[in-house]
Amino acid sequence: IGVTGTSAGGHLVAMLGTSGEVSELEGQLGEHTSESSAVTCVVDQFGPSELLSMGGWHNNPDSPESKLIGGTLQENQEAARSASPITHVSKDDPPFLLIHGTADRVVPFDQSKRLHEALVRAGVDSILVPVEGGGHGGFPQGPLIERMTQFLDKHLLGEEGAVSSEPIQSDGTSGPGSR
C-alpha cells in the first residue's frame, strides 16, 4: 500500500509511514487488530512533521495543531511530540517522497526539510522535492504527477529508475501560502 496526502493529509500519511511499528499507536478498533498498519511507501505533500517547531500562529489555542492534540502545543509538549511524525522515525520506515513549496506560509518548508533529514539520518530512502516559490499547494501538475508516478511505480511495482530531487519551478499560481 502506498499512501499520499496534502497538508493535514500529508501529516497523516507521514504518521502512517513512521509509526507502522509503534504498537501504542496501532489502536484496538476493528476486526484486524493483529494486522500491521505499516505501508510500503509515502508521498507527503507539505504536511506538518514536527509540531513543536512550527512556531507562530501554530502555537495558538485555535490552531489546527492545537485542536489535534486537545490543547496548545507548548502546554502539551508530550502530546505534540507523540503527534509528530519526526518523533517516530526509524530505520524500518518505508521510502518517502516529500514535496513542499519553499514559500509556504501555512506549513513552513522547514517541516519537510527536517523530516527528510531525520529519515536520511535513520537510513530511510527519502527524496525531498522543493517547489521553488510555491506556497501551500497549487503546484504545477505535470512535473508533480511525473515524480509521484515514478516514485509509486518504483516502490509499488518494482520498476527501475531514479526519482529526481531537482526542484520544481512554481507557475506563480500556488495556493493560499504563496508569496
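None of the values given here were measured: they were computed from a predicted structure.

Computed from the structure, the largest pocket encloses a volume of approximately 210 Å³. Taken together, 13 residues make up the lining of the largest pocket; nearest its centre are Ala8, His11, Pro48, Pro64 and Glu65. Only helix H1 (8-18) and helix H2 (64-69) provide two or more residues apiece to the lining of the largest pocket.

Glancing now at the sheet that holds strand S3 (residues 96-101). As summarised here, the arrangement of the 5 strands in space is S1-S2-S3-S4-S5, forming an open sheet in which the pairing is parallel. On the outer flanks of this sheet lie strand S1 (2-6) and strand S5 (168-169), each paired with one strand and no other. Relative to S3, strand S2 (residues 41-45) runs parallel, the two sharing 4 bridges. For Val42, the partnering residue across the bridge sits in S3 and is Phe96. Packed onto the sheet, helix H5 (residues 141-157) meets S1, S2, S3, strand S4 (126-132) and S5 and runs at close to 160° relative to S2.

Bringing the environment of Gln150 into the picture now. By secondary structure assignment, the location of Gln150 is in helix H5. For Gln150, a relative accessible area of 30% puts it in the partly exposed group. Gln150 sits 13 residues away from Val163 along the chain, and the two C-alpha atoms are 6.1 Å apart. The residues contacting Gln150, other than those within four sequence positions of it, are Ala162, Val163 and Ser164.

A word on the pairing of S1. The side-chain alternation of S1 yields one buried face, formed by Val3 and Gly5, and one unburied face, formed by Gly2, Thr4 and Thr6. Across 5 bridges, S1 lies against S2 in parallel orientation. In the strand pairing of S2, Gly5 is matched with Asp44.

Moving on, we come to the packing of aromatic side chains. Within this structure, the stated rule accounts for 1 aromatic pair. An angle of 85° between the planes, with centres 5.5 Å apart, marks the rings of Phe46 and Phe139 as edge-to-face. Of this pair, Phe46 sits in the loop between S2 and H2 while Phe139 sits in the loop between S4 and H5, and the two are 93 residues apart along the sequence. For Phe139, a relative accessible area of 5% corresponds to the buried category.

Our focus in this paragraph is helix H4 (residues 110-122). Taking 1.5 Å per residue as the helical rise, H4 with its 13 residues ought to reach 18 Å, and the 18 Å between its terminal C-alpha atoms agrees with that figure. Buried residues belonging to H4 abut H1, S2, S3 and S4. Phi for Gly123, located one or two positions after H4, is positive at around 90°.

Here we take up the pattern of salt bridges. With the rule as written, the count across this model stands at 2 salt bridges. Residue Glu50 is joined to Arg114 by a salt bridge in which the shortest nitrogen-to-oxygen separation is 2.9 Å. With Glu50 in the loop between S2 and H2 and Arg114 in helix H4, this residue pair connects regions lying 64 residues apart in the sequence. In this structure Glu50 comes out as partly exposed when scored by relative accessible area, which is 23%. Among the ionic pairs, Asp110 bridges to Arg114, the shortest N-O distance being 2.5 Å. Here Arg114 and Asp110 lie together in helix H4, a separation of 4 residues that amounts to about one turn. Within the structure, one salt-bridge network assembled from shared partners comprises Glu50, Asp110 and Arg114.

Let us look at the side chain of Ser126. Looking at the secondary structure, you find Ser126 in strand S4. Not counting residues within four places of it along the chain, the set of residues in contact with Ser126 comprises Phe96, Leu98, His116, Leu119 and Val120.

Rules used in this analysis
- Residues numbered from 1 in each chain as written.
- Predicted model: local features only at pLDDT ≥ 70, side-chain atom pairs only at ≥ 80, totals over all residues.
- Heavy atoms only, no water.
- 1 Å grid on protein atoms, 1.4 Å probe; cavity = no way out; pocket = protein on both sides within 12 Å on 5 of 7 lines; lining within 4 Å.
- Points joined across faces, edges and corners; volume = space filled by probe spheres on them.
- Helix = DSSP H or I, 4+ residues; strand = E, 2+ residues; numbered from the N terminus.
- Pairing = 2+ DSSP bridges.
- Contact = heavy atoms within 4.5 Å.
- Axes fitted to C-alpha atoms, helices over the stretch in contact; angles between N-to-C directions.
- Buried < 20%, exposed > 50% of the residue type's maximum accessible area, 1.4 Å probe, protein only.
- Phe/Tyr/Trp six-rings, centres within 6.5 Å; stacked < 30°, edge-to-face > 60°.
- Expected span 1.5 Å × (residues − 1).
- Salt bridge = Lys/Arg side-chain N within 4 Å of Asp/Glu carboxyl O.

Just geometry here; none of it tells us what the structure is for.
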